There are 2 protein chains.
Amino acid sequence: MSIYEFLGTLVPFTNKELNDIQSHFKKETVSKSQLLVNQGDICKTLYFIEQGMGRSFYTNENGKEITQWFFGVGKFMTSADSFFQQTPSLYNLEVLVDSVVFSISKKDIDQLFAKYHKMEKLGRLVTTEMLTKIVNKLNAIQFQTAKERYDYMLAEFPDIVHQVPLGHIASYLGMTQETLSRIRK
Amino acid sequence: MSIYEFLGTLVPFTNKELNDIQSHFKKETVSKSQLLVNQGDICKTLYFIEQGMGRSFYTNENGKEITQWFFGVGKFMTSADSFFQQTPSLYNLEVLVDSVVFSISKKDIDQLFAKYHKMEKLGRLVTTEMLTKIVNKLNAIQFQTAKERYDYMLAEFPDIVHQVPLGHIASYLGMTQETLSRIRK
DNA sequence: GATTTCCTTTGACCTATGTCAAAAAAACGG
DNA sequence: CCGTTTTTTTGACATAGGTCAAAGGAAATC
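Residues numbered from 1 in each chain as written. Chains lettered and ligands numbered in written order. Predicted model: local features only at pLDDT ≥ 70, side-chain atom pairs only at ≥ 80, totals over all residues. Heavy atoms only, no water.

A.B. asks: Honestly, the pairing of strand β7 (residues 92-95) of chain A in this entry has me stumped. Any pointers?
C.D. replies: The side chains of a regular strand alternate between both faces of the sheet. All names here are of chain A. Here β7 shows a buried face lined by N92 and E94 and a second buried face lined by L93 and V95. Taken together, the two bridges between strand β2 (residues 35-37) and β7 define a ladder with antiparallel strand orientation. Among the inter-strand pairings, L35 is bridged to a residue of β7, identified as E94. In this structure, strand β4 (residues 54-59) lies alongside β7, joined through four bridges in antiparallel fashion. Across the sheet, the residue bridging to S56 is L93, located in β7. (Buried < 20%, exposed > 50% of the residue type's maximum accessible area, 1.4 Å probe, protein only. Helix = DSSP H or I, 4+ residues; strand = E, 2+ residues; numbered from the N terminus. Pairing = 2+ DSSP bridges.)

Okay, structure coming up:
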């Protein structure tokens, strides 16, 4: 799904508006394992995934990588609070397979928010959707057994779950790789 | 903090705009233990807490109440996805002490979003802030010990933590009341 | 296609936290 | 105040899931 198509599905932009908005996004090809943002840096770019997938993760005190979120096709990928508040990111952003993304700077998207009321609305809707999804994950993590959490994962990220290393999924679900391996049997 | 003051802190509304916006909010006094929304109902109203505090919670299969969030002074209280998507709420909204709130209907706030670009922006900013806070909770729940989770609670809700029953906090933090009681010693 | 590196599974054992039950303390209502 | 209800603490025991270690598989690299 291209950014052009995506924008139109949420808010009824005119073609002229769409063309203007789209012109601020830059198409980029990024290869597997590339980091788009490093933990500690201020996230200056928002990415829209046209093809591929990514994750956000951080490295904890014991040097273990903890996956925080997965980003699939047709989603915006960023370290949300770092990007919107311009504070150091708690997470790395990593591309998990060779991908095609559209990128836009904080400055440009703020200009678009200011220029188009509809764009501001789109921002609000996208943020609301993200909020809902995080609440879902929270409920899964907080009150469900390891088995149920894996079921949540299958429902939320059906296309991603079989394409990434087990360890990434395990840490995303707040359990060890060994436990997840046992559950899957 | 009144809704009037609050609105001005995030976005530079003119006095005329503020008066118009404020006129759509209705001041209400609600008493302790009152439910503003029932699990399963569609949440039609957004509340701003001027005085007091509340929580969202649900009753699980075993009849146990699980607190999902606390709402303090100067915050919007609602079942976010129920309100914004007009779907049945997973949660009850309960006022924990006698409180003063400002309420606004979905219809009215949507009109304000449509009428004022700045209001739409405010909606986006408030949603983004909520998103950030939920991510913080998620990190606490997912990867911290019971002790650390209580520390997170003290940091995030310093004014609430000593005013509500232990059981509410325990379920919010994803642990049992007994565990929390032992931690506090 | 052999070698190295990465990923997944398995086993044995351990620990933080849950469960159940009951006592103690605090808050509430008449 | 006194009795009732609600909330908190404490104890004994159970268990889901963690930790550590090692062996298989798979897949990338030369």
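A.B. asks: Can you walk me through unusual backbone geometry in this structure?
C.D. replies: The bulk of non-glycine residues show a negative phi, and the bulk of peptide bonds are trans. Despite not being glycine, A:S33 has its phi angle at roughly 75 degrees, a positive value. Along the polypeptide, A:S33 turns up in the loop between β1 (26-30) and β2. Residue class for A:S33 comes out partly exposed when judged on its relative accessible area of 45%. With a phi close to 55 degrees, B:Q86 is a non-glycine residue in the positive phi region. If you trace the backbone, B:Q86 turns up in the loop between α3 (80-85) and β7 (92-95). Residue classification places B:Q86 among the partly exposed positions, given a relative accessible area of 30%.

A.B. asks: Teacher, can you tell me more about the protein's contact with DNA strand C here?
C.D. replies: The environment of DNA strand C is formed by 19 residues, the closest being A:L166, A:Q177, A:R182, A:K185 and B:T179. Considering DNA strand C, the proportion of its atoms within 4 Å of the protein that are sugar or phosphate atoms stands at 55%. Here a phosphate oxygen of DNA strand C sits 2.9 Å away from a polar atom, N or O, in the side chain of A:S181. Side-chain polar atom of B:T179 to a phosphate oxygen of DNA strand C: 2.5 Å apart, as the coordinates give it. Mapped onto the surface near DNA strand C, the elements with two or more residues apiece are α7 (166-172) and α8 (177-184) of chain A together with α6 (146-156) and α8 (177-184) of chain B. It is α8(A) that contributes the most residues to the surface near DNA strand C, five residues altogether. Across the surface near DNA strand C, the residue classes break down as four nonpolar, seven polar and eight charged. (Near = heavy atom within 4 Å. Polar contact = N/O pair within 3.5 Å; in protein donor to acceptor, adjacent residues only side chain to side chain. Nonpolar A, V, L, I, M, F, W, Y, C, P; charged D, E, K, R; others polar.)

A.B. asks: Explain the packing of aromatic side chains to me, please; I cannot follow it from the model alone.
C.D. replies: Each pair of aromatic rings is reported with the distance of its centres and the angle of its planes. By the definition in use, this model includes 22 aromatic pairs over all chains. Consider the rings of A:F70 and A:F157, whose centres lie 5.8 Å apart with planes at 70 degrees: the pair is edge-to-face. One end of the pair, A:F70, is in strand β5 (residues 65-71); the other, A:F157, is in the loop between α6 (146-156) and α7, and 87 residues separate them in sequence. Taking 5.1 Å as the distance between ring centres and 80 degrees as the angle between the ring planes, the aromatic pair formed by B:F83 and B:F84 counts as edge-to-face. Judged by relative accessible area, B:F83 falls into the buried class, the value being 0%. Through successive ring pairs, a cluster of aromatic residues spans A:W69, A:F70, A:F157 and A:Y172. (Phe/Tyr/Trp six-rings, centres within 6.5 Å; stacked < 30°, edge-to-face > 60°.)

A.B. asks: Would you explain the nonpolar core in this entry?
C.D. replies: The tendency in soluble globular proteins is for nonpolar side chains to be buried side by side. In this structure, A:F70, A:M119, A:M153, B:F70, B:M119 and B:M153 are the most contacted members of the largest nonpolar core, which totals 122 residues. Here A:F70 is in contact with A:G54, A:R55, A:L96, A:M153, A:F157, A:I160, A:V164, A:H168, A:I169 and A:Y172, once residues within four sequence places are set aside. (Core = buried A, V, L, I, M, F, W, Y, C linked by side-chain atoms within 4.5 Å. Contact = heavy atoms within 4.5 Å.)

A.B. asks: Could you clarify how one ought to interpret the pattern of salt bridges in this entry?
C.D. replies: Note on pairing: side chains with opposite charge can pair once their charged atoms come close. Residue and element names in this part refer to chain A. Taken as a whole and assessed by the stated rule, the structure comprises 20 salt bridges over all chains. Close ionic contact of E50 with K27 constitutes a salt bridge, the shortest N to O distance being 3.9 Å. With E50 in strand β3 (residues 45-51) and K27 in strand β1, the pair connects residues that are 23 residues apart, well separated along the chain. You can call K27 exposed: its relative accessible area is 54%. (Salt bridge = Lys/Arg side-chain N within 4 Å of Asp/Glu carboxyl O.)

A.B. asks: Explanation requested: the interface of chain A and chain B in the structure shown.
C.D. replies: Think of interface size as the accessible area that goes away when the parts come together; that is how it is often given. Facing the 35 residues of chain A at the interface are 35 residues of chain B. Surface buried jointly by chain A and chain B totals about 3000 Å² across both partners, of which 66% is contributed by carbon and sulfur atoms. Taken as a group, A:H117, A:R124 and A:L131 account for 22% of the area that chain A buries against chain B, more than any other trio of residues on that side. Summed over the shared surface of chain A and chain B, the result is two salt bridges. The shortest N-O distance in the salt bridge between B:E120 and A:R124 comes to 2.4 Å. (Buried area = accessible area lost by both parts, 1.4 Å probe.)

A.B. asks: Teacher, can you tell me more about the protein's contact with DNA strand D here?
C.D. replies: Around DNA strand D sit 18 residues, and of these A:T179, B:L166, B:Q177, B:R182 and B:K185 come closest. Taking the atoms of DNA strand D that fall within 4 Å of the protein, sugar and phosphate contribute 52% of them. With respect to DNA strand D, the backbone of B:L166 contributes an N or O atom lying 2.7 Å from a phosphate oxygen. Within the side chain of B:R184, an N or O atom sits 3.5 Å from a phosphate oxygen of DNA strand D. Among the elements of the structure, α6 and α8 of chain A together with α7 (166-172) and α8 of chain B are those that each provide at least two residues to the surface near DNA strand D. In terms of residues, the surface near DNA strand D owes the most to one element, α8(B), which gives five residues. Split by residue class, the surface near DNA strand D holds four nonpolar, seven polar and seven charged.

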